[in-house]
Amino acid sequence: MRAGAELSNTEFPDDELRREQEFIDGLYARVDALRGVTEDSLTDALAQGHTPMQARLERDIQVAERSGLLAALNAVDGSLCFGRIDLTSGESHHIGRIGLRADDADRTPILIDWRAEVARPFYLATGHTPMGLRRRRHISTEGRRVTALHDEILDLGDETRTGHEDPSGDAVLLAALNSARTGRMADIVRTIQADQDRIIRAPHRGVLVVEGGPGTGKTAVALHRAAYLLYEHRELLARRAVLIVGPNPAFLGYIGEVLPSLGETGVLLSTVGELFPGVKATRTDTPRAAAVKGRADMADVLAEVVRSRQALPDPVITIEHDRTILMLDDGLVNVARERTRATKLPHNAAREHFEGHILNTLTDLYAERIGTDPFDGSNLLDASDITQIRDELAENPEVWAAIDRLWPRLTPQQLVAGFLAEPDAFLSPEDADAVRRPVTRHWTVSDVPLLDEAAELLGEDDRLERERAEQERLRQIAYAQGVLDVSYASRTYEFEDKEEDDPEASEVLSAHDIIDAERFAERHEEADHRSAAERAAADRTWAFGHIIVDEAQELSPMAWRMLMRRIPTRSMTLVGDPAQTSEAGGVGSWEDILAPYVEDRWEHTRLAVNYRTPAEIMEVAAAVVRAENPSFEPPSSVRSTGEKPWIRAVDDLPGAVADAVRELTPEEGRLAVIAPRDLHRTIAARTDALTAGAEPDLTQPVVLLDPKQAKGLEFDSVLVVEPARYGTSDLYVSLTRATQRLGILHTEPLPKGLVDVA
Ligand SMILES: Nc1ncnc2c1ncn2[C@@H]1O[C@H](COP(=O)(O)OP(=O)(O)OP(=O)(O)O)[C@@H](O)[C@H]1O
């Protein structure tokens, strides 16, 4: 920690610190013991070699459970316990990242999970509403060593007060906010604020929108909410998985360690560009193309594209069958096409019907040709002759070639690539020009919702696959029934109960928690192969248990359609800030986003305190938005540093950047240089040790980013280059990334808002 981030413990007598140290030593002893047991049982389970099918099934479940438990125990090592609450009733509880019970007959709770209801006063109690608390204690540790204690006494008449306590508890929060950044977001579990706590613990049903300016903790809250929901609804969410959608891969890397540090791994982190299995799109379109592709009416456009692939002959297709020429004309095909369309099935799934209609039509044509009585015109063929003709026609490759031309099987990739190569029949000339591109195998982020829409419209011809899957499922249910009988008799091990008075709510699911064989069989599938999150990533039709969308303001209507398909229950948390919208396809208001799916049945909540950006920097950033929108109100900063941002006009830009990088690079911590993409090469040529690229390593001391890449990230110092070249919201985002220092360099005239503060 650097100056200002130090937490003093001088007020505490040594024996107080020693007592806490002894207690925490005891907690770690318990964790070590649990880890030992878990490792042993994992080794035992893995050692079961060639066992019968049923035992193998049980083994797989054990391995998955023990591995998950081990990962959680390893993840919390080093920062297990961070707080304690003493109640006026005389009770006291230590609060930690996970819950633990003693190895005694009563399985006494010794550490309360921060998500448990009992821990809530740690976050919410105030002098005004003490919630039964006498004292709140923050415990700081380095590794397993207690380094500082910080107390707040909530009952001001309390006789044990020393007078040295922090009346507001701000010191711990400020130390966290002032500490050097690492390039990876840290959890905030020690210092969750009351308004954040309420959002984290809001009920999981329905849509919750969390709006707030830069640095108000939207991302932090969203991640802690995921951890909370996984705790509170473990069985449902562990099976269905939680999806967190972020704006770009670098951002996902930045937030990727928060949930594991809270012991949670059952979450899929993804960008919109990665949500269509088999495609990993990172390229972006021009703003104009992205706007066209993101529009809601693209769903109708793609439906039209699909219809256009259901062709009619022009004017006839001839088929030679057994030395007879059969003519399929547009009238006959149109009848087959309309009957097939009337099934309302997706294109590929409907093809079976089309095949049947065409075969029947050809059978009629052929029967007419060979079976008509020359004298009275009646048909001499009987039903079995007709069946035979149909079967023979079904063997004729020319028939199938005709069907493939008239109703081709299509993949989403073929459909979208074909449309983008020749969009003119479906779009206005300007829109067509914006999206037209030669057929390519590289997809952009805004292509992905189109691929998903196409997959819906086309459907899958998965008859055989479905039959096979059903047989496999029945087989597994039969085995699972047997395993259930065995596992009831062998309940041996438990980590911690979620609620003291709810012995059924086990932290770790065991085989016997699952009451019916069908669900058990489903779980076996997961344990046997992949986690729910991994399976979800590979399955376009997966229905998630909950979806969290960060930077939700950036998603286009088409991207929303794609996401909503993955969450039929509409259990979602959307976090964002309309003032930071930079994508041309982004939706302007929450009403516009949500009305098509839930009408007005959604909750809106706001975060108003900026924990990242000091007041001096926020003043400059706010001036930029106010130049466009005079009534703009930024969130209020929780701290100020006394250091004003600087703005310098220079002639030699790359040279000035090199100097500024030397000036701004923190001793510890990280610096970001944010510059328009076309300046990156010249800047990098003059400044050593800059990390740049499409997915730069944010843990390096100095990174070079363009404004879009900076979205959602945070650094100790930030240097913004040529601000006049940014759109207002991109500039606002860039100026609000620093926790300590901001510099601005320009050769071109400043944008209006910055002229006023320069
Ligand atoms: N209660 C808290 N305790 C400690 N740090 C906090 C707290 N709340 C927020 N922070 C810190 O404030 C910073 C900003 O949080 P976060 O990135 O979640 O904000 P945001 O609203 O998503 O910002 P933006 O919209 O600018 O991306 C992070 O470093 C986060 O850890």
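Residues numbered from 1 in each chain as written. Predicted model: local features only at pLDDT ≥ 70, side-chain atom pairs only at ≥ 80, totals over all residues.

### Things to note about the sheet that holds strand E14 (residues 546-549)
Consideration 1: One open sheet accounts for 6 strands, arranged E9-E8-E14-E15-E7-E16; its pairing is parallel. Every interior strand has two partners, whereas the edge strands, strand E9 (267-270) and strand E16 (602-607), have only one. Here the strands of the sheet are splayed against their neighbours by 15° on average, with no regard to which way each runs.
Consideration 2: In terms of strand pairing, strand E7 (residues 207-212) meets E16 through 6 bridges, oriented parallel. Bridge pairing in E16 links Leu 208 to Glu 603. (Pairing = 2+ DSSP bridges. Helix = DSSP H or I, 4+ residues; strand = E, 2+ residues; numbered from the N terminus. Axes fitted to C-alpha atoms, helices over the stretch in contact; angles between N-to-C directions.)

### Here's the deal with the UniProt feature "binding site: ATP" (unreviewed entry) in the chain
Consideration 1: Per the UniProt record, the feature "binding site: ATP" (unreviewed entry) sits at Gly 212, Gly 213, Pro 214, Gly 215, Thr 216, Gly 217, Lys 218 and Thr 219.
Consideration 2: Assignment of secondary structure puts Pro 214 in the loop between E7 and helix H6 (218-232).
Consideration 3: For Pro 214, a count of 24 C-beta atoms within 10 Å gives the class buried.
Consideration 4: Not counting the four nearest positions on each side in its chain, Pro 214 is found in contact with Asp 577, Gln 580, Asn 610, Arg 612, Thr 613 and Thr 736.
Consideration 5: The residue Gly 215 is located in the loop between E7 and H6 in this model.
Consideration 6: When the 27 C-beta atoms within 10 Å are taken as the criterion, Gly 215 is described as buried. (UniProt positions renumbered as here; feature names shortened; annotations may be inferred. Buried ≥ 20, exposed ≤ 12 C-beta atoms within 10 Å, placed from the backbone. Contact = placed C-beta atoms within 7 Å.)

### Observations regarding the sheet that holds strand E5 (residues 133-142)
Consideration 1: Strand order in the open sheet formed by 6 strands is E3-E4-E2-E1-E5-E6, and the pairing between neighbours is mixed. Two strands lie at the open edges of the sheet, namely strand E3 (100-101) and strand E6 (145-153), each paired on one side alone.
Consideration 2: Of the pairings in the sheet, the one linking strand E1 (residues 81-87) to E5 comprises 5 bridges and is antiparallel in character. In the strand pairing of E5, Arg 84 is matched with Arg 137.

### Here we look at the packing of helix H11 (residues 298-308) against helix H18 (residues 448-458)
Consideration 1: Two elements in contact, H11 and H18, have axes whose closest approach is 10 Å; the angle formed by their N-to-C orientations is 50°. The pairing of H11 with H18 is recorded here as oblique in orientation. For the pair H11 and H18, the crossing hand works out as right-handed. Facing H11, whose interface residues are Met 298, Ala 299, Leu 302, Ala 303 and Val 306, H18 presents Leu 450, Glu 453, Ala 454, Leu 457 and Leu 458.
Consideration 2: When the residues that make up the contact of H11 with H18 are grouped by side-chain class, the tally is 9 nonpolar, no polar and 1 charged. (Parallel < 35°, antiparallel > 145°, perpendicular 65-115°, else oblique. Left-handed = near helix turned anticlockwise from the far one by under 90°. Nonpolar A, V, L, I, M, F, W, Y, C, P; charged D, E, K, R; others polar.)

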